[in-house]
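Structure at a glance
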Amino acid sequence: MTDEGRTFTTTETSFAVVHAIEDAGGATFTDLRSELDLPKSTLYYHLNTLEKLGYVVQEDGVYQLGLRFLSHAEHAKRKERAFDVVRSEARDLADRIPEEISFATAENGRLVVVYHNIGGSAMTDFGIGQYLYLHATANGKVLLAEMPESRVDEIVDRWGLPALTENTITDRAVLKTELDAVRERGYAVNDEEQREGLRSVGAKITKPDGSVLGALAIDGATYRMTEEQIEAQTIGELFNTIDQIETKIEEEQR
(Lines give C-alpha, C1' and ligand atoms only; values in the text may rest on other atoms or scores of the structure.)
Protein backbone atom coordinates (compact mmCIF):
# COMPACT_ATOMS: atom_id res chain seq x y z
CA MET A 1 0.00 0.00 0.00
CA THR A 2 1.31 3.47 -0.84
CA ASP A 3 1.62 6.18 1.80
CA GLU A 4 -1.29 8.02 0.14
CA GLY A 5 -3.58 5.06 0.81
CA ARG A 6 -2.50 4.44 4.41
CA THR A 7 -4.78 5.21 7.33
CA PHE A 8 -4.18 5.17 11.08
CA THR A 9 -6.56 2.74 12.75
CA THR A 10 -6.47 4.53 16.12
CA THR A 11 -7.57 7.79 14.52
CA GLU A 12 -10.33 6.03 12.61
CA THR A 13 -11.61 4.51 15.85
CA SER A 14 -11.68 7.87 17.61
CA PHE A 15 -13.72 9.38 14.82
CA ALA A 16 -16.01 6.35 14.81
CA VAL A 17 -16.71 7.09 18.48
CA VAL A 18 -17.38 10.75 17.67
CA HIS A 19 -19.76 9.89 14.83
CA ALA A 20 -21.59 7.33 16.96
CA ILE A 21 -22.19 9.93 19.69
CA GLU A 22 -23.34 12.47 17.11
CA ASP A 23 -25.68 10.06 15.34
CA ALA A 24 -27.25 8.98 18.62
CA GLY A 25 -27.62 12.51 19.96
CA GLY A 26 -25.74 11.39 23.05
CA ALA A 27 -24.85 7.88 24.19
CA THR A 28 -23.83 5.90 27.24
CA PHE A 29 -20.72 3.75 27.44
CA THR A 30 -22.89 0.65 27.01
CA ASP A 31 -24.63 2.16 23.97
CA LEU A 32 -21.31 2.94 22.32
CA ARG A 33 -19.82 -0.46 23.06
CA SER A 34 -22.85 -2.14 21.52
CA GLU A 35 -22.87 0.14 18.47
CA LEU A 36 -19.14 -0.01 17.77
CA ASP A 37 -18.39 -3.54 19.01
CA LEU A 38 -15.17 -2.41 20.70
CA PRO A 39 -13.43 -3.96 23.71
CA LYS A 40 -14.16 -2.12 26.97
CA SER A 41 -10.56 -1.01 27.41
CA THR A 42 -10.29 0.33 23.84
CA LEU A 43 -13.51 2.32 24.08
CA TYR A 44 -12.54 3.65 27.52
CA TYR A 45 -9.17 4.95 26.35
CA HIS A 46 -10.66 6.65 23.29
CA LEU A 47 -13.42 8.30 25.33
CA ASN A 48 -10.97 9.33 28.03
CA THR A 49 -8.65 10.93 25.45
CA LEU A 50 -11.48 12.72 23.63
CA GLU A 51 -12.88 13.99 26.94
CA LYS A 52 -9.46 15.21 28.10
CA LEU A 53 -9.06 17.19 24.86
CA GLY A 54 -12.56 18.70 25.10
CA TYR A 55 -14.08 16.89 22.12
CA VAL A 56 -16.40 14.82 24.29
CA VAL A 57 -18.14 15.66 27.55
CA GLN A 58 -19.84 13.26 29.94
CA GLU A 59 -22.72 14.05 32.26
CA ASP A 60 -24.77 11.55 34.24
CA GLY A 61 -23.25 8.73 32.25
CA VAL A 62 -24.17 10.15 28.85
CA TYR A 63 -21.47 11.24 26.42
CA GLN A 64 -22.05 14.26 24.18
CA LEU A 65 -19.84 16.10 21.70
CA GLY A 66 -17.94 18.97 23.26
CA LEU A 67 -17.96 22.61 22.24
CA ARG A 68 -14.33 22.27 21.14
CA PHE A 69 -15.69 21.31 17.72
CA LEU A 70 -17.18 24.81 17.34
CA SER A 71 -13.79 26.45 16.92
CA HIS A 72 -12.88 24.00 14.17
CA ALA A 73 -16.19 24.61 12.41
CA GLU A 74 -15.68 28.37 12.49
CA HIS A 75 -12.13 27.99 11.19
CA ALA A 76 -13.34 25.79 8.34
CA LYS A 77 -15.95 28.37 7.36
CA ARG A 78 -13.54 31.30 7.59
CA LYS A 79 -11.11 29.70 5.13
CA GLU A 80 -13.57 30.72 2.42
CA ARG A 81 -14.68 34.29 3.14
CA ALA A 82 -17.03 34.21 0.19
CA PHE A 83 -19.30 32.00 2.31
CA ASP A 84 -20.26 35.12 4.29
CA VAL A 85 -21.57 36.74 1.12
CA VAL A 86 -23.53 33.62 0.28
CA ARG A 87 -25.13 33.47 3.72
CA SER A 88 -26.16 37.13 3.58
CA GLU A 89 -27.77 36.92 0.14
CA ALA A 90 -29.34 33.53 0.90
CA ARG A 91 -30.99 35.01 4.01
CA ASP A 92 -32.43 37.82 1.90
CA LEU A 93 -33.77 35.28 -0.58
CA ALA A 94 -35.37 33.25 2.23
CA ASP A 95 -37.11 36.42 3.43
CA ARG A 96 -38.65 36.95 -0.01
CA ILE A 97 -39.97 33.50 -0.80
CA PRO A 98 -41.76 30.85 1.30
CA GLU A 99 -39.21 28.13 0.62
CA GLU A 100 -36.02 26.70 2.09
CA ILE A 101 -32.63 27.85 0.87
CA SER A 102 -29.55 25.65 1.01
CA PHE A 103 -25.94 26.24 0.02
CA ALA A 104 -23.53 23.35 -0.21
CA THR A 105 -20.18 22.31 -1.55
CA ALA A 106 -18.53 19.00 -2.37
CA GLU A 107 -15.94 17.30 -0.19
CA ASN A 108 -14.55 13.79 -0.48
CA GLY A 109 -17.26 12.82 -2.93
CA ARG A 110 -20.13 13.92 -0.71
CA LEU A 111 -22.30 17.03 -0.50
CA VAL A 112 -21.62 19.17 2.59
CA VAL A 113 -24.33 21.58 3.79
CA VAL A 114 -22.70 24.95 4.55
CA TYR A 115 -25.85 27.05 4.99
CA HIS A 116 -29.53 26.24 5.42
CA ASN A 117 -32.49 28.55 6.00
CA ILE A 118 -35.98 27.07 6.28
CA GLY A 119 -37.65 30.31 5.16
CA GLY A 120 -41.39 29.85 5.38
CA SER A 121 -41.37 26.04 5.27
CA ALA A 122 -39.71 23.10 6.96
CA MET A 123 -39.52 20.33 4.37
CA THR A 124 -35.95 19.24 5.13
CA ASP A 125 -33.88 18.62 8.23
CA PHE A 126 -30.53 19.59 6.74
CA GLY A 127 -27.98 20.44 9.39
CA ILE A 128 -24.90 22.60 8.92
CA GLY A 129 -22.00 20.28 8.20
CA GLN A 130 -24.29 17.41 7.26
CA TYR A 131 -23.06 15.09 4.51
CA LEU A 132 -25.50 14.03 1.77
CA TYR A 133 -25.25 12.02 -1.44
CA LEU A 134 -24.44 14.10 -4.49
CA HIS A 135 -26.62 12.15 -6.93
CA ALA A 136 -29.88 12.66 -5.01
CA THR A 137 -29.90 16.44 -4.52
CA ALA A 138 -30.15 19.45 -6.81
CA ASN A 139 -26.99 20.99 -5.36
CA GLY A 140 -25.18 17.69 -5.66
CA LYS A 141 -26.08 17.17 -9.30
CA VAL A 142 -24.95 20.74 -10.06
CA LEU A 143 -21.54 20.01 -8.55
CA LEU A 144 -21.24 16.62 -10.23
CA ALA A 145 -21.97 18.28 -13.58
CA GLU A 146 -18.88 20.45 -13.09
CA MET A 147 -16.60 17.48 -12.57
CA PRO A 148 -14.79 15.47 -15.25
CA GLU A 149 -16.39 12.10 -16.03
CA SER A 150 -13.49 10.26 -14.43
CA ARG A 151 -14.14 12.00 -11.11
CA VAL A 152 -17.86 11.22 -11.30
CA ASP A 153 -16.96 7.56 -11.83
CA GLU A 154 -14.64 7.62 -8.81
CA ILE A 155 -17.42 9.04 -6.63
CA VAL A 156 -19.98 6.49 -7.83
CA ASP A 157 -17.46 3.67 -7.31
CA ARG A 158 -16.83 4.83 -3.74
CA TRP A 159 -20.29 5.84 -2.55
CA GLY A 160 -22.61 4.07 -4.98
CA LEU A 161 -26.01 5.36 -6.05
CA PRO A 162 -28.25 4.35 -3.14
CA ALA A 163 -32.00 4.74 -3.62
CA LEU A 164 -33.42 7.20 -1.10
CA THR A 165 -36.86 7.29 -2.74
CA GLU A 166 -38.52 5.66 -5.73
CA ASN A 167 -37.36 8.63 -7.84
CA THR A 168 -33.65 8.48 -6.96
CA ILE A 169 -31.33 7.90 -9.90
CA THR A 170 -29.62 4.57 -9.28
CA ASP A 171 -28.14 3.86 -12.73
CA ARG A 172 -24.77 5.32 -13.72
CA ALA A 173 -25.74 5.87 -17.37
CA VAL A 174 -28.97 7.61 -16.37
CA LEU A 175 -27.03 9.85 -13.98
CA LYS A 176 -24.60 10.88 -16.72
CA THR A 177 -27.50 11.71 -19.05
CA GLU A 178 -28.99 13.81 -16.26
CA LEU A 179 -25.69 15.63 -15.76
CA ASP A 180 -25.57 16.43 -19.49
CA ALA A 181 -29.02 18.03 -19.13
CA VAL A 182 -27.83 20.03 -16.10
CA ARG A 183 -24.90 21.42 -18.08
CA GLU A 184 -27.14 22.33 -20.98
CA ARG A 185 -29.82 24.22 -19.03
CA GLY A 186 -27.56 25.59 -16.27
CA TYR A 187 -29.49 24.26 -13.28
CA ALA A 188 -30.47 20.96 -11.68
CA VAL A 189 -33.78 19.68 -10.39
CA ASN A 190 -34.29 17.24 -7.54
CA ASP A 191 -37.76 15.82 -8.16
CA GLU A 192 -38.50 13.88 -4.96
CA GLU A 193 -35.17 12.08 -5.32
CA GLN A 194 -33.87 12.85 -1.84
CA ARG A 195 -37.18 12.96 0.01
CA GLU A 196 -40.76 12.31 -1.01
CA GLY A 197 -42.78 15.50 -1.38
CA LEU A 198 -39.66 17.66 -1.80
CA ARG A 199 -38.64 19.35 -5.04
CA SER A 200 -35.50 21.47 -5.39
CA VAL A 201 -33.82 23.63 -8.00
CA GLY A 202 -30.08 24.34 -7.75
CA ALA A 203 -27.37 26.17 -9.68
CA LYS A 204 -23.65 26.78 -9.28
CA ILE A 205 -21.95 29.83 -7.78
CA THR A 206 -18.73 30.69 -9.60
CA LYS A 207 -15.69 32.52 -8.20
CA PRO A 208 -14.04 35.35 -10.17
CA ASP A 209 -11.31 32.94 -11.28
CA GLY A 210 -13.92 30.68 -12.88
CA SER A 211 -13.76 27.90 -10.29
CA VAL A 212 -16.91 26.72 -8.54
CA LEU A 213 -17.53 27.92 -4.98
CA GLY A 214 -20.55 25.70 -4.41
CA ALA A 215 -24.20 25.40 -5.32
CA LEU A 216 -27.31 27.22 -4.12
CA ALA A 217 -30.75 25.61 -4.12
CA ILE A 218 -34.34 26.50 -3.42
CA ASP A 219 -36.17 23.59 -1.78
CA GLY A 220 -39.92 23.32 -1.33
CA ALA A 221 -43.00 21.14 -1.26
CA THR A 222 -43.99 19.67 -4.62
CA TYR A 223 -47.50 21.11 -4.40
CA ARG A 224 -45.99 24.63 -4.32
CA MET A 225 -42.95 24.12 -6.49
CA THR A 226 -44.77 22.93 -9.59
CA GLU A 227 -43.13 22.96 -13.01
CA GLU A 228 -45.06 26.14 -13.80
CA GLN A 229 -43.89 27.82 -10.58
CA ILE A 230 -40.30 26.81 -11.19
CA GLU A 231 -40.30 28.22 -14.71
CA ALA A 232 -42.25 31.37 -13.83
CA GLN A 233 -40.48 32.43 -10.63
CA THR A 234 -38.15 30.00 -8.87
CA ILE A 235 -35.41 29.86 -11.49
CA GLY A 236 -35.44 33.64 -11.84
CA GLU A 237 -35.15 34.16 -8.09
CA LEU A 238 -32.32 31.64 -7.90
CA PHE A 239 -30.26 33.12 -10.73
CA ASN A 240 -30.84 36.71 -9.56
CA THR A 241 -29.49 35.80 -6.13
CA ILE A 242 -26.51 33.98 -7.61
CA ASP A 243 -25.74 36.99 -9.82
CA GLN A 244 -25.75 39.22 -6.72
CA ILE A 245 -23.51 36.81 -4.84
CA GLU A 246 -20.98 36.55 -7.66
CA THR A 247 -20.95 40.33 -8.14
CA LYS A 248 -20.32 41.01 -4.45
CA ILE A 249 -17.60 38.36 -4.24
CA GLU A 250 -15.84 39.93 -7.22
CA GLU A 251 -16.12 43.41 -5.71
CA GLU A 252 -14.62 42.21 -2.41
CA GLN A 253 -11.67 40.63 -4.19
CA ARG A 254 -10.73 43.72 -6.19
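A brief report on the enclosed structure follows. (Residues numbered from 1 in each chain as written. Predicted model: local features only at pLDDT ≥ 70, side-chain atom pairs only at ≥ 80, totals over all residues. Heavy atoms only, no water.)

Some remarks on the pattern of salt bridges
- Within this structure, the stated rule accounts for 15 salt bridges.
- Among the salt bridges present, the one from Glu89 reaches Lys248, with a minimum N-O distance of 2.4 Å. Taken together, the residues Glu89 in helix α5 (residues 82–96) and Lys248 in helix α9 (residues 227–252) connect sequence positions 159 residues apart.
- Judged by its relative accessible area of 3%, Glu89 is buried.
- Residue classification places Lys248 among the partly exposed positions, given a relative accessible area of 39%.
- One salt bridge in this structure joins Asp153 and Lys176, with 2.8 Å as the shortest N-O distance. Taken together, the residues Asp153 in helix α7 (residues 149–159) and Lys176 in helix α8 (residues 172–185) connect sequence positions 23 residues apart.
- In this structure Asp153 comes out as partly exposed when scored by relative accessible area, which is 22%.
- With relative accessibility at 21%, the residue Lys176 sits in the partly exposed group.
- In this structure, a network of salt bridges that share partners links the residues Glu149, Asp153, Asp157, Arg172 and Lys176. (Salt bridge = Lys/Arg side-chain N within 4 Å of Asp/Glu carboxyl O. Helix = DSSP H or I, 4+ residues; strand = E, 2+ residues; numbered from the N terminus. Buried < 20%, exposed > 50% of the residue type's maximum accessible area, 1.4 Å probe, protein only.)

A closer look at the sheet that holds strand β2 (residues 56–59)
- Pairing in this open sheet of three strands is antiparallel, and the strands run β1-β3-β2 from one edge to the other. Two strands lie at the open edges of the sheet, namely β1 (27–28) and β2, each paired on one side alone.
- Bridge count for β1 against strand β3 (residues 62–65) is two bridges, and the pairing is antiparallel. For Ala27, the partnering residue across the bridge sits in β3 and is Tyr63.
- Across the sheet, helix α3 (residues 40–52) is in contact with β2 and β3; its angle to β2 comes to roughly 105 degrees. (Pairing = 2+ DSSP bridges. Contact = heavy atoms within 4.5 Å. Axes fitted to C-alpha atoms, helices over the stretch in contact; angles between N-to-C directions.)

Things to note about empty space enclosed by the protein
- In this structure the tally under the stated criterion is two cavities of 30 Å³ or more.
- Space inside the second largest cavity adds up to approximately 60 Å³.
- Forming the walls of the second largest cavity are Gly109, Tyr133, Leu134, His135, Leu144, Ile155, Val156, Trp159, Gly160, Leu161 and Leu175.
- Looking at the lining of the second largest cavity element by element, the count peaks at three residues for α7. (1 Å grid on protein atoms, 1.4 Å probe; cavity = no way out; pocket = protein on both sides within 12 Å on 5 of 7 lines; lining within 4 Å. Points joined across faces, edges and corners; volume = space filled by probe spheres on them.)

Examining the nonpolar core
- By size, the foremost hydrophobic cluster in this structure holds 27 residues, and its most contacted members are Ile101, Phe103, Val201, Ile205, Leu213 and Leu216.
- Elements with a minimum of two residues in this core: α5, β4 (100–107), β5 (110–117), β8 (198–206), β9 (212–221) and α9.
- In this structure, Met147, Leu161, Leu175 and Val182 belong to the second largest nonpolar core, which totals 20 residues. (Core = buried A, V, L, I, M, F, W, Y, C linked by side-chain atoms within 4.5 Å.)

Concerning the layout of surface pockets
- Estimates place the volume of the second largest pocket at around 150 Å³.
- Residue lining of the second largest pocket: Thr11, Ser14, Phe15, Val18, Thr49, Leu50, Leu53, Tyr55 and Phe69, and that is the complete set.
- Going through the elements one at a time, α1 (9–24) and α3 are the ones with two or more residues in the lining of the second largest pocket.
- If you tally residues by element for the lining of the second largest pocket, the top one is α1, at four residues.
- Of the residues assigned to the lining of the second largest pocket, the class counts are six nonpolar, three polar and no charged. (Nonpolar A, V, L, I, M, F, W, Y, C, P; charged D, E, K, R; others polar.)

A short note on the sheet that holds β5
- Read from one edge to the other, the open sheet built from six strands follows the order β6-β5-β4-β9-β8-β7, with strand pairing classed as antiparallel. Bordering the open sheet on either side are β6 (131–132) and β7 (188–191), each of which pairs with just one other strand.
- Sheet topology note: the β4/β5 ladder contains seven bridges and is antiparallel. Residue pairing in the sheet places Ala104 in a bridge with Val113 of β5.
- Strands β4, β5, β8 and β9 of the sheet are contacted by α5, whose axis makes an angle of about 55 degrees with β5.
- Across the sheet, α9 is in contact with β8 and β9; its angle to β8 comes to roughly 30 degrees.

Description of the pairing of β2
- The sheet contact formed by β2 and β3 spans four bridges and is antiparallel. When the sheet's bridge partners are listed, Gln58 is paired in β3 with Tyr63.
- Turn length for the β2-β3 hairpin, with the two strands adjacent in sequence and antiparallel, is two residues, and the turn residue Asp60 shows positive phi of about 55 degrees.

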